[in-house]
Amino acid sequence: QQPVQSPQAVILREGEDAVINCSSSKALYSVHWYRQKHGEAPVFLMILLKGGEQKGHDKISASFNEKKQQSSLYLTASQLSYSGTYFCGTSDGGNSGGSNYKLTFGKGTLLTVNP
Amino acid sequence: DAGITQSPRHKVTETGTPVTLRCHQTENHRYMYWYRQDPGHGLRLIHYSYGVKDTDKGEVSDGYSVSRSKTEDFLLTLESATSSQTSVYFCAISELGNDYGYTFGSGTRLTVV
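All values reported here derive from a predicted model rather than from experimental measurement.

Caption draft 1: Just the overall build of chain A, in detail. Within chain A one finds zero helices and 11 strands. When the helices and strands of chain A are listed from N to C terminus, the series reads β-β-β-β-β-β-β-β-β-β-β. In terms of C-alpha radius of gyration, chain A reaches 14 Å, essentially the compact-globule figure of 13 Å for 115 residues. Each of the three principal axes of chain A carries a C-alpha extent, and together these read 45 × 25 × 20 Å. A total of 115 residues make up chain A; the buried ones form 49% of that total. Considering only contacts within chain A whose residues lie at least 6 apart along the sequence, 57% involve residues at least 24 apart. Accessible surface, chain A: about 5500 Å² in total, of which carbon and sulfur atoms supply 48%. In chain A, 11 side chains carry a positive charge and 8 a negative one; their mean positions are 7 Å apart.

Caption draft 2: Layout of the sheet that holds strand β8 (residues 73-78) of chain B. Residue and element names in this part refer to chain B. If you walk across this open sheet you meet the four strands as β1-β3-β8-β7, and the pairing is antiparallel. Strands at the two margins of the open sheet, each flanked by one partner only, are β1 (4-7) and β7 (64-70). Neighbour to neighbour, the strand axes of the sheet diverge by 20° on average, direction disregarded. Bridge count between strand β3 (residues 19-25) and β8: six bridges; the pairing is antiparallel. Paired with Leu21 across the bridge in β8 is Leu76.

Caption draft 3: Spatial organisation of the pattern of salt bridges. Residue and element names in this part refer to chain B. Tallying each qualifying case throughout the model produces four salt bridges over all chains. With its nearest N and O atoms 3.1 Å apart, the salt bridge here joins Arg22 to Asp73. Of this pair, Arg22 sits in strand β3 while Asp73 sits in strand β8, and the two are 51 residues apart along the sequence. For Arg36, the salt bridge goes to Asp38, with nearest N and O atoms at 2.8 Å.

Caption draft 4: Highlighting the side chain of Asp38 of chain B. All names here are of chain B. Mapped onto the secondary structure, Asp38 falls in strand β4 (residues 31-38). At 2.9 Å, the side chain of Asp38 and the side chain of Arg44 are in polar contact. Leaving out residues up to four positions away in the same chain, Asp38 has contacts with Arg44, Thr86 and Ser87.

Caption draft 5: Seen up close, the packing of aromatic side chains. The tally for this structure, following the rule as stated, stands at 16 aromatic pairs over all chains. Considering the side-chain rings of Tyr48 of chain B and Tyr50 of chain B, the 6.2 Å spacing of their centres and the 50° angle between planes classify their relative orientation as tilted. Given a relative accessible area of 3%, Tyr48 of chain B falls into the buried group. Among the residues examined, Tyr50 of chain B registers a relative accessible area of 29% and is labelled partly exposed. Taken together, the ring pairs connect Tyr34, Phe44 and Phe105 of chain A together with Tyr31, Tyr33, Tyr35, Tyr48, Tyr50, Phe90, Tyr102 and Phe104 of chain B into an aromatic cluster.

The rules behind each value
Residues numbered from 1 in each chain as written. Chains lettered and ligands numbered in written order. Predicted model: local features only at pLDDT ≥ 70, side-chain atom pairs only at ≥ 80, totals over all residues. Heavy atoms only, no water. Helix = DSSP H or I, 4+ residues; strand = E, 2+ residues; numbered from the N terminus. Rg over C-alpha atoms; globule rule 2.2 N^0.38 Å. Buried < 20%, exposed > 50% of the residue type's maximum accessible area, 1.4 Å probe, protein only. Contact = heavy atoms within 4.5 Å. Areas by Shrake-Rupley, 256 points an atom, 1.4 Å probe, with all protein chains shown as cover. Lys, Arg positive; Asp, Glu negative; His and termini not counted. Charge placed at Lys NZ, Arg CZ, Asp CG, Glu CD. Pairing = 2+ DSSP bridges. Axes fitted to C-alpha atoms, helices over the stretch in contact; angles between N-to-C directions. Salt bridge = Lys/Arg side-chain N within 4 Å of Asp/Glu carboxyl O. Polar contact = N/O pair within 3.5 Å; in protein donor to acceptor, adjacent residues only side chain to side chain. Phe/Tyr/Trp six-rings, centres within 6.5 Å; stacked < 30°, edge-to-face > 60°.

Structure below.
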């Protein structure tokens, strides 16, 4: 089943913060986050492996709660360039435990950052 | 130079005709995937490949077939196109065991009339 993302859409002003959530009903090995701008391909942001690891770069970070099978993406002090649709992709790792094995994507969260 | 390219970028075809989309990579990645993207559905996996001549079905594989005769090429064929297959198709590549995620191609916008 597809992971469930919330909210479906969010509108911010520059400098505001946002949190996007991703929840799965099955055990996960990894969670990926991607951003897609209109008319373009999705672009990889970061990957989180089971173990509750938190990652981040610049003002975008993410966490993974393995027990709850949930991940959250945190965008702080948002910039105009953050606008786009954010997707989480989840993997159960397959037989070989690969973090990139056969991702199932959520339906996306549309983030709009206004001046 | 892009590590993954899709062709064609745009195509209009008639209902009932076969259509083949091509994905070509220069990264020598083992895994290749075909996804379709539709409003309200996000990205859904059609088929994937884990090596030359090794392929498997995804969640929306009906009406599609794939082939991979070389590491660098992954073909998606719509055997008899229907209007429900109007979509944007993305190819992606990856390797197991790395933390670089998927790299997506630029997509093919297919319209079936």
